[in-house]
Amino acid sequence: MARVELREVTKVYEKDVVAVNRASINIQDKEFVVLVGPSGCGKSTTLRMVAGLEEVSSGEIYIGERVVNEVPPKDRDIAMVFQNYALYPHMTVYENMAFGLKLRKFPKAEIDQRVREAARILSIEPLLDRKPKALSGGQRQRVAVGRAIVRKPQVFLFDEPLSNLDAKLRVQMRTEISKLHTRLETTMIYVTHDQVEAMTMGDRIVVMKDGDIQQIDTPLNLYNHPQNKFVAGFIGSPAMNFMAGKVVQENGLFFHEGRFKFRAPKKFESSLEKLKDREVIFGIRPEDFHLADSAAGVAEAAELTAAVEVVEPMGNEIYLYLNTGINSLVARVNARSEPPIGSQLKLVMDMSKAHFFDSQSEASLSPAA
């Protein structure tokens, strides 16, 4: 197994299109790192540069202690699992899994042992004699993963491997891949646009936007301490609510949205003091709203009243889509009561979970950032 390091890696296409801009990532041996971001952010290009399928415009890529910029893909000791499975339709499952080993002139006995071991790990032993057309999407994806496992590479690369599966199967397969990582104890780099996949699978997550790395951190740190507004809005479902307003001094520091105002939390006083009479962005996650009659125990609380526009029952909780007259908000509250659409609802925000961002740079103003 091996570490993977990208040092100031840049990819520029024709017409000066910068797909990846000076990306630096240090992935430790046996670590599971997820690259996540919206379409076109550069995550798949980054993965393909590690694989050797895209040339690096500048910077260096290390696998282990070796710079691999000029090393062909077949000599990098990596295995890649693609979004479209890339199985040979005329070959059986066994033959698909064995094909790469045959090309490398492995002995027949070792090929058989590796294929059957991988099939056992992935619970696809009964499928070895079938051809891909006789398999479901989930089974095909297992075969694609099995074909990577038999190689016993230093690094596994996954390029949105679950995006073609239905929702239930995606949940099942992401659990299986996480188990596989624990079992194989190998370095894995995984690309997805689905932040739920990223949060549930990665030891660390690399959040990308427009070719730039926004933040590299553990899932919980990304969630609780986003370094900027983009990360705060991208990580979490439903997304964080944002409101623009001014910092005003009125016997203390207050955030003024236009229709309502509330006292700034103590931990933000020093950073907001410098921004008096200037616009900032306030952020609060949907789960940090509470109905007024169930807000006991919220230490730092702020109240607001909003009109209920849409109610989405989710079973044990409900999503409320609200409008303050200036901002649209989403609250995730318990399902004990379902307020009627059009009603004015009083809500309490847990200000100990609040976030503030600079309106110009969009950087977090949190002292923990």
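Our structure's up above, just so we're on the same page.
What this report covers is the structure whose coordinates are included nearby.

Quick notes on the rules
Residues numbered from 1 in each chain as written. Predicted model: local features only at pLDDT ≥ 70, side-chain atom pairs only at ≥ 80, totals over all residues. Heavy atoms only, no water. Axes fitted to C-alpha atoms, helices over the stretch in contact; angles between N-to-C directions. Helix = DSSP H or I, 4+ residues; strand = E, 2+ residues; numbered from the N terminus. Parallel < 35°, antiparallel > 145°, perpendicular 65-115°, else oblique. Left-handed = near helix turned anticlockwise from the far one by under 90°. Contact = heavy atoms within 4.5 Å. Pairing = 2+ DSSP bridges.

1. Quick notes on the packing of helix 2 (residues 93-103) against helix 4 (residues 137-149)
Thinking step 1. At a minimum axis separation of 8 Å, helix 2 and helix 4 run at an interaxial angle of 30°. By the angle class used here, helix 2 and helix 4 are roughly parallel. Taken as a pair, helix 2 and helix 4 cross one another with a handedness that is right-handed. Taking contact as the criterion, the partners of Val-93, Asn-96 and Met-97 in helix 2 are, on helix 4, Val-143, Gly-146 and Arg-147.

2. Considering the environment of Val-17
Thinking step 1. Within the secondary structure layout, Val-17 lies in strand 2 (residues 17-27).
Thinking step 2. On a C-alpha basis, the gap between Val-17 and Gly-211 in space is 9.9 Å, while along the polypeptide they are 194 residues apart.
Thinking step 3. Apart from residues lying up to four places away in sequence, Val-17 is in contact with Lys-11 and Val-12.

3. A short note on the sheet that holds strand 4 (residues 58-63)
Thinking step 1. Strand order in the open sheet formed by four strands is 2-1-4-5, and the pairing between neighbours is antiparallel. Lying at the two open borders of the sheet, with one neighbouring strand each, are strand 2 and strand 5 (66-67).
Thinking step 2. Examined bridge by bridge, strand 4 and strand 5 share two bridges and lie antiparallel to one another. Looking at strand 5, one finds that Tyr-62 is bridged to Val-67.
Thinking step 3. Lying over the sheet, helix 1 (residues 43-51) contacts strand 1 (4-13), strand 2 and strand 4, oriented at roughly 115° with respect to strand 1.

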